[in-house]
Every structure is written in C-alpha cells, then in structure tokens.
Amino acid sequence: MFFSTLTYAAHLFENAQVEVLDLNDYEMPLFSVDTEKEIGQHPLAKSFLDKIASADILVVSLAENNGNYSAAFKNIYDWCSRINGKVFQEKPMLLLATSPGARGGISVLEIAKNAFPRYGAIIKATFSLPNFNDNFDVEKGRISNKNWIIN
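Not measured: the values here are computed from a predicted model.

Visitor: So what exactly am I meant to see when it comes to helix 4 (residues 71–83) here?
Guide: In an α-helix, one turn spans 3.6 residues; hence positions three or four apart end up facing the same way. With 13 residues, helix 4 should cover 18 Å at 1.5 Å per step; its first-to-last C-alpha distance of 19 Å lies within 8% of that length. Every buried residue of helix 4 is accounted for by Phe73, Asn75, Ile76, Tyr77, Asp78, Trp79 and Cys80. Tucked into the core, helix 4 has its buried residues touching helix 2 (33–39), helix 3 (43–54), strand 1 (58–62) and strand 3 (68–69).

Visitor: Looking at this structure, I do not really get the pattern of salt bridges. What am I missing?
Guide: Pairing between side chains becomes possible if they bear opposite charge and their charged atoms approach one another. Within the structure shown, the criterion is met by four salt bridges. Here Lys113 ties to Glu110 by a salt bridge, and the two come within 3.4 Å at their closest N and O atoms. Linking Lys113 with Glu110, this pair stays in helix 5 (residues 106–115), spanning three residues, or about one helical turn. Among the residues examined, Lys113 registers a relative accessible area of 33% and is labelled partly exposed.

Visitor: Looking at this model, I keep getting lost on the packing of aromatic side chains. Mind explaining?
Guide: Each aromatic ring pair is specified by the distance between its two centres and by the angle formed by the two planes. Across all of its chains, the model carries 11 aromatic pairs by this definition. The interplanar angle of 15 degrees and the centroid separation of 5.9 Å between the aromatic rings of Tyr69 and Phe116 together place this pair among those described as stacked. With Tyr69 in strand 3 and Phe116 in the loop between helix 5 and strand 5 (121–129), this pair connects stretches of sequence that are 47 residues apart. No difference in accessibility class separates Tyr69 from Phe116, as the two residues are buried. Measuring from ring centre to ring centre gives 5.5 Å for Phe73 and Tyr77, while their planes differ by 25 degrees; the resulting arrangement is stacked. With a gap of four residues between them, Phe73 and Tyr77 both fall in helix 4, about one helical turn apart. Considered together, Phe73 and Tyr77 belong to a single accessibility category, that of buried residues.

Visitor: Before we go on, may I ask you to explain unusual backbone geometry in this structure?
Guide: Glycine aside, a negative phi is what most residues show, and trans is what most peptide bonds show. Phi at Asn66 takes a positive value of approximately 50 degrees, unusual for a residue other than glycine. Following the sequence through the fold, Asn66 ends up in the loop between strand 2 (64–65) and strand 3. With a relative accessible area of 84%, Asn66 lands in the exposed category. Phi is positive for Glu90, close to 60 degrees, though the residue is something other than glycine. Looking at the element boundaries, Glu90 is found in the loop between helix 4 and strand 4 (91–98). In this structure Glu90 comes out as partly exposed when scored by relative accessible area, which is 46%.

What counts and what doesn't
- Every chain is numbered on its own, with residues counted from 1 as its sequence reads.
- This being a predicted model, a pLDDT of at least 70 is required before a residue's local features are given, and a value of 80 or more before pairs of side-chain atoms are given or counted; all residues contribute to the totals for chains, interfaces and linings.
- Heavy atoms from the whole structure form the basis of all side-chain values; hydrogens and water molecules are not counted.
- Helix and strand definitions here come from DSSP, where helices need a minimum of 4 consecutive H or I residues and strands a minimum of 2 consecutive E residues; each element is numbered from the N-terminal end.
- Here a helix's expected span is defined as the number of its residues, less one, multiplied by 1.5 Å.
- Whether a residue is buried, partly exposed or exposed follows from its accessible area with a 1.4 Å probe, protein chains only, as a fraction of its type maximum: under 20%, in between, or over 50%, in that order.
- Here, residues are in contact when the closest pair of their heavy atoms is within 4.5 Å.
- A pair is scored as a salt bridge if a Lys or Arg side-chain nitrogen falls within 4 Å of a carboxyl oxygen belonging to Asp or Glu.
- Under the pairing criterion, centres of Phe, Tyr and Trp rings, with the six-membered ring standing for Trp, must be within 6.5 Å; the plane angle then separates stacked pairs below 30 degrees from edge-to-face pairs above 60, leaving the rest tilted.

Encoded structure:
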C-alpha cells in the first residue's frame, strides 16, 4: 500500500529520476546506545544517509502503527540521527501517509510534520489518502477516486 502511493506520487515529478528505498533493505539491530557503543555507527545507516544526500527532493510515505511511526522506520531514523542530527539534510520533502482506514494515517503524518523540520526536513506539502483499498487501484498504480487525485 505504501509503496504504491509513494511510487505514484514520486513519478508525478516531471523529468525526475526516481529511486524508491525499501526499509527492508536497511534492517539493523534495534538501536540502543549500548549497541552503538559495541558496534559503532551502522554501515546501513551511513548508506541510507548517503541516499538522502544524493537526492534533490524526498518523497516520504509513512506507515502508521498504533498512531505512530512503524518500528522499522523509527529504528533507521534513530541510527541515522546519531550520525547526522539533520537526518533529512535540509532537503525539500513531500510527506505522505495512507491506510485502509478513514483517517488515512493522519496521526503519524501530524507527528512527522511537527518533528521532521527539527531534523532537517523542509516540508513543502503533505498528503493523506484515506480508505486506501477504495481509493487506489493497485493494478493501475494510481489513485482511482477522482476526488483524491494529485495534480
């Protein structure tokens, strides 16, 4: 669901090269200062920050788990913030959320909208797509409800 909306939105930027990062490719031990002391800065966190550094714009789609960030996102974010406190490196950002429910991930979107600027995000716009299963055609890779189409 989240890759679908992320890929859809990212490809709306004309003449842009798009690289979608899968958090599953950045699986690290659960962050703690004790683990950091033991193993140092994790190379996958460095790699993730390098990807951010090479981008002109960030399109970030957040999954909402119990009204907050997913554990996978929070773990990567925690590791990265220990290397560079400005995780998002002053990049312009389109911030997205969706869910199968009527609120469309709005809780996590609000948390991120308030927190990310402290970590170097320049949030240009936010978008929440409620009722994903009713409003997005996965086969066609686009929003199916004309009331929600991004132009």
